[in-house]
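Topology and contacts: notes
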Amino acid sequence: MLTQAGGNPVLVRDVATVVVGNAPRLGIAGMNEDDDIVQGIVLMRRGEKSTPTIQRVEAEVNLINSGGLLPPGVEIERIYDRQELIKLTTSTVLHNMVVGILLIFLLQWLFLGDLRSATIVAATIPFALSCAIGLMVLRGESANLLSVGAIDFGLIVDATVIMVERIFRQLETAVGTSQVQASASGQHGKYLAIFKAATVVQKSILFAAAIIIAGFIPLFTLTGVEGHIFGPMAKTYAYALAGGLLATFTVTPALSAFLLPEHVRVTETFVVRVLHKIYAPVLRTAVANRFVVVFGMLLLLGFAGVVAQSLGVEFLPKLEEGNLWIRGTLPATISLEEGNDYANRMRKLVGTFPEVDSVVSQHGRPDDGTDATGFFNVELFAPLRPAAQWRPGLSKDALTNEMQGALEKEFPGVEFNFSQYLQDNVAEQVLGVKGENSIKVFGGDLSVLTATADKIKAVLETVPGITDLSVLASLGQPTIEIDIDRARAARYGLAPGDINATIRVAIGGDSAGFLYEPGSDRHFPIVVRLAPKFRQNAEAIGNISVGVQGPGGITQIPLREVASIKLVSGASYIYREQQERYLPIKFSVRGRDLGSAIHEAEEKIAQQVPLPPGTRLEWVGEFRNLQDAIGRLQVAVPLSLALIALLLWLHFSSLSDTVLALSVIPMAIVGGILALYVARLPFSVSAAIGFIALFGISVMDGILIISQYNRLIDRGMDRIGAVLRAGELQMRPVLMTCVIAGAGLVPAALSTGIGSQVQKPLAVVVVGGMTLAPVLILIVLPAMIALVSRREWADESEEAAIEHAH
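**Quick word on the overall build of the chain**
Within the chain, the regular secondary structure consists of 30 helices and 19 strands. Among the 806 residues that make up the chain, the fraction classed as buried is 50%. In the chain, 80% of the contacts between residues at least 6 apart in sequence involve partners at least 24 apart. Summing over all exposed atoms, the chain offers an accessible surface of approximately 36,700 Å²; the carbon and sulfur share of this is 60%.

**Things to note about helix α3 (residues 83-112)**
For α3, built from 30 residues, the straight-helix expectation of 44 Å at 1.5 Å per residue is met to within 8% by its first-to-last C-alpha distance of 43 Å. Backbone geometry just downstream of α3 places Gly113 in the positive-phi region, at approximately 70°.

**Concerning the side chain of Asp593**
Within the secondary structure, Asp593 sits in the loop between β18 (580-589) and α22 (594-608). Here Asp593 is buried and forms no salt bridge, its nearest opposite-charge partner Arg592 lying at an N-O distance of 5.0 Å. Polar contacts involving the side chain of Asp593 include one to the main-chain amide nitrogen of Gly595, which spans 3.3 Å. A polar side-chain atom of Asp593 sits 2.6 Å from a polar atom in the side chain of Ser596. Sequence-distant contacts of Asp593, that is, excluding residues within four places in its chain, are made with Gly312, Val313 and Pro682.

**Some words on helix α23 (residues 622-652)**
An ideal rise of 1.5 Å per residue puts 45 Å on 31 residues; α23 measures up with 43 Å between its terminal C-alpha atoms. At the exit of α23 stands Ser653, carrying a positive phi of roughly 55°.

**A look at the environment of Ile162**
Residue position: Ile162 is located in helix α7 (residues 158-177). Here the alpha-carbon distance between Ile162 and Thr248, two residues 86 residues apart in the chain, equals 9.2 Å. Setting aside anything within four residues of it in sequence, one finds Ile162 in contact with Val201, Ile205, Met700, Leu704 and Thr737.

**Observations concerning the pairing of strand β8 (residues 415-419)**
Counted residue by residue, β8 has four buried out of five residues, so it is predominantly covered. As defined by bridge partners, strand β5 (residues 323-329) adjoins β8 across five bridges and the pair is classed as antiparallel. Looking at the pairing, Ile326 lines up with Phe418 of β8.

**Digging into the packing of aromatic side chains**
Each pair of aromatic rings is reported with the distance of its centres and the angle of its planes. Enumeration according to the criterion identifies five aromatic pairs in this entry. For the ring pair Phe587 and Trp619, a centre distance of 6.2 Å and an interplane angle of 80° mean the geometry is edge-to-face. Of this pair, Phe587 sits in strand β18 while Trp619 sits in strand β19 (residues 616-621), and the two are 32 residues apart along the sequence. For the pair Phe587 and Trp619, a shared accessibility class is recorded, and that class is buried. Note that Lys440 overlies the ring of Tyr582, its terminal NZ or CZ placed 4.8 Å from the centroid. Over the aromatic face of Phe442 sits the side chain of Arg616, whose NZ or CZ is 4.1 Å from the ring centroid.

**Side note on unusual backbone geometry**
Positive phi outside glycine occurs at Ser653, with the angle close to 55°. Notably, Arg680 is not glycine yet its phi reads approximately 60°, a positive angle. If you trace the backbone, Arg680 turns up in the loop between α25 (664-679) and α26 (685-714). You can call Arg680 exposed: its relative accessible area is 76%.

**Concerning the environment of Leu246**
Mapping Leu246 onto the fold places it in helix α11 (residues 224-249). The partly exposed category is assigned to Leu246, whose relative accessible area is 45%. Taking the C-alpha atoms as reference points, Leu246 and Thr124, separated by 122 residues in sequence, lie 9.1 Å from one another. Not counting chain neighbours up to four residues away, the residues in contact with Leu246 comprise Phe127 and Val251.

**Quick look at the pattern of salt bridges**
Counted by the stated rule, this structure contains 16 salt bridges. For Glu580, the salt bridge is made with Arg616, and the minimal N-O distance between the two is 2.7 Å. Of this pair, Glu580 sits in strand β18 while Arg616 sits in strand β19, and the two are 36 residues apart along the sequence. Connected through shared salt-bridge partners, Asp341, Arg345 and Glu410 make up one network.

**Some words on the packing of α25 against α26**
The N-to-C vectors of α25 and α26 enclose an angle of 140°; their axes lie 8 Å apart at closest approach. The two elements α25 and α26 meet at a crossing, and its hand is right-handed. On α26, the residues that touch Val664, Ile665, Ala668, Ile669, Gly672, Ile673 and Leu676 of α25 are Ala687, Phe691, Leu694, Phe695, Ser698, Val699 and Gly702. In the contact of α25 with α26, the residues fall into 11 nonpolar, three polar and no charged.

**Points about the pairing of β5**
The buried fraction of β5 amounts to seven of the seven residues, a majority that puts the element mostly inside the structure. Along β5, one buried face is formed by Asn323, Trp325, Arg327 and Thr329 and the opposite face, lined by Leu324, Ile326 and Gly328, is buried too. One ladder, built from seven bridges, connects β5 with strand β7 (residues 377-383); its direction is antiparallel. If you follow Thr329 over to β7, its bridge partner there is Asn377.

**Some remarks on a nonpolar patch on the surface**
Where nonpolar side chains cluster on the molecular surface, the patch consists of Ile217, Leu643, Leu646, Trp649, Leu650, Leu655 and Val659 and spans about 640 Å² of accessible area. Residue position: Leu655 is located in helix α24 (residues 655-662).

**Focus on the confidence of the model for the chain**
Counting all residues, the mean pLDDT for the chain is 78, and 86% of those residues have values of 70 or more. Here strand β1 (residues 7-14) is the element of the chain with the lowest mean pLDDT, 36, and helix α14 (residues 290-310) is the one with the highest, 89. Low confidence marks residues 793-806, where pLDDT is under 50. Its contacts with residues over four positions away, or in another chain, come to 19 contacts.

**Some words on the environment of Phe514**
On the secondary structure map, Phe514 appears in strand β12 (residues 510-516). Classification of Phe514 as partly exposed rests on a relative accessible area of 47%. Considered as a pair, Phe514 and Pro525 are 11 residues apart in the sequence and their alpha carbons are 4.4 Å apart. Residue contacts for Phe514: discarding those within four places in its chain leaves His523, Phe524, Pro525 and Ile526.

**Re the packing of helix α15 (residues 336-351) against helix α16 (residues 396-410)**
Between α15 and α16, the shortest axis-to-axis distance is 11 Å and the interhelical angle comes to 145°. α16 is crossed by α15, and the crossing has right-handed handedness. For the pair α15 and α16, contact is made by Arg345, Met346, Leu349 and Val350 and by Met403, Ala406, Leu407 and Glu410, respectively. Counted by class, the contact of α15 with α16 contains six nonpolar, no polar and two charged residues.

Rules and cut-offs
Residues numbered from 1 in each chain as written. Predicted model: local features only at pLDDT ≥ 70, side-chain atom pairs only at ≥ 80, totals over all residues. Heavy atoms only, no water. Helix = DSSP H or I, 4+ residues; strand = E, 2+ residues; numbered from the N terminus. Buried < 20%, exposed > 50% of the residue type's maximum accessible area, 1.4 Å probe, protein only. Contact = heavy atoms within 4.5 Å. Areas by Shrake-Rupley, 256 points an atom, 1.4 Å probe, with all protein chains shown as cover. Expected span 1.5 Å × (residues − 1). Lys, Arg positive; Asp, Glu negative; His and termini not counted. Salt bridge = Lys/Arg side-chain N within 4 Å of Asp/Glu carboxyl O. Polar contact = N/O pair within 3.5 Å; in protein donor to acceptor, adjacent residues only side chain to side chain. Pairing = 2+ DSSP bridges. Phe/Tyr/Trp six-rings, centres within 6.5 Å; stacked < 30°, edge-to-face > 60°. Lys NZ or Arg CZ within 6 Å of the ring centre and 35° of its normal. Axes fitted to C-alpha atoms, helices over the stretch in contact; angles between N-to-C directions. Left-handed = near helix turned anticlockwise from the far one by under 90°. Nonpolar A, V, L, I, M, F, W, Y, C, P; charged D, E, K, R; others polar. Patch = residues over 30% accessible without salt bridge, like charges linked within 9 Å, V, L, I, M, F, W, Y side chains within 5 Å. pLDDT = per-residue confidence, 0-100.

Structure, rendered in structure tokens:
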């Protein structure tokens, strides 16, 4: 009766009294007020797509229900499939995308003050999205929550923003240089200006795009759960970036030639004028006091490092599925009938909560052998009503705690574990243990493992945040142990093998011949053993006769004369991994971040639980996945940064310029760290992906300022004047690229709907980084250029240059 990972269960309800197969012998399922139902599960093949598979299953179910294939009064009723979750997450993703695109359009309009330019930039988005979707279709890939929902279209259009801004300036320069010539040349002059603008920025745009793609290389190295989640996102980002880059060099110049007039004059909007008035004196002060500015930046980095240490750690935010999967663990020796009574009572108790839509209980094990559990296992599936229908102010954590308290009060001694349907199945498939996290105690002696696990459990109970704690039973199966007394057996002239043979035949049975089926060659062994009443308990087994060869012939003695027979607690389950025995201790973490809870638990266990010889511990689950992911990123991220540095060096052919361009990465990371702290979000793999996304965006803005500075130096401008002029010229492009890149993910950062949880940390990091990054880049980077650049000084003094620029 247990669902498997990826399964979509359907329910066969018998409103009368229909017995289907032998399911009641193996386990019993119930739903709401019905005591017994028979549950079926449709398993989706690996690699198939959810939505078309569900649609085909629904079509078959409707055909069965309406085709007269079922007995009267019997119908198939769906109790769960992924379609509802897919619809909710799709709605959340589409809402965030639409709002983000509108924000990008409005901000572009606000910065450039021209509706046509905003339209040109916005046109890149459908082109890039179509390119990404087309490539996914050609490669047979499907869209999912993160592959589309986490795409930052502000990042996709950054290259277009740079292109359009440069085209505007080029058209303005052409008009300002020779109004008569520009008028005479007509459309030809406009085309030449657009071509020249595209030529000027093409190298910077190509290198910026290459750097952004290089920043996403670590995403392709992820494996395991995080790889399945973020791998499609990395591919989709690459497809969309390629489409956006293609649009920048084709669609954008074409639309500019079609929509923009021959003569333009860049007019600064009110917002840009205000920003220029604020920025110009701040920039002069920063360049004049560059040592103080750089030192202040170092202090800010140190503060961000301290804040980062205070952030919690988790593997991935839990995707809200809108349901609860509750597992109750009863005593290992409970019978089917007694356990079924408990399952019915648990189901009715959970159904009393007004937030619960329905409850399905599963008791026992499936009849296909896919889950080796027993009658002690009760699982409850409780789909929840929409959050708007809940009691005011009630969160899911509060509902879980309330429900757990009610169950533990009503069923003392029963251990409960709370999860969600897909989350539980994925965790079980990955860990091999029914729980989100677990400690595996490896060793050879089951009694030693059990004693050690109990001590560890006692320590874990003292760690705040750890809940749903349980040691999965290994011992507890009533077992009759027969221990042969070799000395006493020898006095009767018996060898242990003789006694074992008697026990084997009497209790287990032995073949005494074959029964041949008439008319065929089929035959079956005839097994002979003692009747049940002669082997039903330890006393009866002790009376089994053992033949002894004596002087007067064979005599019979009872088994108890040569062996001790007793009822002991034997092994009920033996867990093995890599040919080693282990005993799992499962637990969940609620109300606290995963990293700090496990860190405290590790310290307490190391201090309070000495491990016996030959015993070792292994932490698995979300924390292990987090460690594996971080371990891979610790290798991939430095390699990615090295590749970015190589690209920068190829672009600038200058070590100092390369270092200056790389220095903007910490400026962007600071904002992401502070954003996580303000939003009270722990560091996770999703947040790490957000930091990786900041690499390319921030470096691209650094390229803009440094390239502009180098062009001004090449034109003969003095060093300080070039720094100030580069900052002023690139203020709007840097603000536009950063703000628009952050704005594209603002809806995702603020969203609370189902489907937003996984992408929220990524969005918060990008939005926070892109909010603070332009301020630091536009102030600190010019100061660092004035401090580090090896360009030649101009003849006039530094003070005069600053005053001249003013």
